[in-house]
Amino acid sequence: MTSKQRAYLKSLASSLDPVFQVGKSSLTPQVTEAIGEAFHTRELLKVAVLKNCMDDPKEIAEMIAERTHSQVVQVIGKKIVLYKPDRDNPRIQLP
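Residues numbered from 1 in each chain as written. Predicted model: local features only at pLDDT ≥ 70, side-chain atom pairs only at ≥ 80, totals over all residues. Heavy atoms only, no water.

1. As for the packing of helix 2 (residues 29-38) against helix 3 (residues 57-68)
For clarity, the cut-off: Only the stretch in contact is used when fitting a helix axis, every axis being a line fitted to C-alpha atoms; angles between N-to-C directions are given from 0 to 180 degrees. Under the DSSP-based scheme used, a helix requires at least four consecutive residues in state H or I and a strand at least two consecutive residues in state E, with every element numbered from the N terminus. Oblique is the label for any angle not covered by the other classes, which are roughly parallel (under 35 degrees), roughly antiparallel (over 145) and roughly perpendicular (65 to 115). Helix crossings are classified by the rotation of the near helix relative to the far one: an anticlockwise turn of less than a right angle makes the crossing left-handed, while a clockwise turn makes it right-handed. The contact criterion used is simple: two residues touch if any of their non-hydrogen atoms lie within 4.5 Å. Residue polarity follows a fixed list, in which Ala, Val, Leu, Ile, Met, Phe, Trp, Tyr, Cys and Pro are nonpolar, Asp, Glu, Lys and Arg are charged, and the others, Gly among them, are polar.
Packing of helix 2 against helix 3 leaves a shortest axis separation of 10 Å and a crossing angle of 60 degrees. Regarding the angle of helix 2 to helix 3, the classification is oblique. The hand of the helix 2/helix 3 crossing is right-handed. Residue-level contacts link T32, I35 and G36 of helix 2 to I64, R67 and T68 of helix 3. Residues of the contact of helix 2 with helix 3, tallied by class, amount to 2 nonpolar, 3 polar and 1 charged.

Now the structure itself:
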């Protein structure tokens, strides 16, 4: 992903609300599975890491990306933005 594409995705994600929250029990298989299923309906997701989660948000982002075959767009504070294009019908046209 180029820096121009990443910047475009960041601008789209700025208006999104977090769809999932990672809490005290950190990244469970159920949360990972739910995030993977959410990519069936959307290509860009925002995930919030709650204050009671002691794990590093960057590490959580990398684990989610690896397990769901998506890409980390950005990690700002405790917010993670992930992108996974739809193979059959991509909705977001990257520059």
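Structure shown, so let's carry the discussion forward.
2. Re helix 1 (residues 3-13)
Stated formally: Burial classes follow relative accessibility: with a 1.4 Å probe on protein chains only, a residue under 20% of its type's maximum area counts as buried, one over 50% as exposed, and anything between as partly exposed. When we speak of the arc, we mean the arc of directions from the helix axis to the C-beta atoms.
All of the buried residues along helix 1 are Q5, L9 and A13. Projection of helix 1 onto a plane perpendicular to its axis shows the buried side chains occupying an angular sector of 75 degrees, all on one side. Opposite the buried face of helix 1, at more than 90 degrees from it, the exposed residues are S3 and K4. Each element contacted by the buried residues of helix 1 is listed here: strand 2 (44-49), strand 3 (71-76) and strand 4 (79-83).

3. Topic: the nonpolar core
To keep things clear, this is the line we draw: Take the buried Ala, Val, Leu, Ile, Met, Phe, Trp, Tyr and Cys residues and link them wherever side-chain atoms come within 4.5 Å; each set so joined is a nonpolar core.
Among the nonpolar cores identified, the biggest contains 18 residues, and I35, V47, I60, I80 and L82 are the most heavily contacted of them. Every element with two or more residues in this core is listed here: strand 1 (20-22), helix 2, strand 2, helix 3 and strand 4. The dominant element in this core, judged by the number of residues it contributes, is helix 3, at 4 residues. If sequence neighbours within four positions are ignored, I35 has contacts with F20, L45, V47, I64, T68 and L82. Within the second largest apolar cluster, 7 residues are counted, among which are L9, A13, L44 and V73.

4. Concerning the sheet that holds strand 2
Cut-off, in case you're wondering: Paired strands, in this sense, are two strands between which DSSP finds at least two bridges.
Reading across from one edge, 1-2-4-3 is the order of the 4 strands in this open sheet, with mixed pairing throughout. Both edges of this open sheet fall to strand 1 and strand 3, since each of them pairs with a single strand only. Direction aside, the axes of adjacent strands within the sheet are offset by 25 degrees on average. Where strand 2 lies against strand 4, 5 bridges are found, and the strand directions are antiparallel. What sits directly across from V47, in strand 4, is I80.

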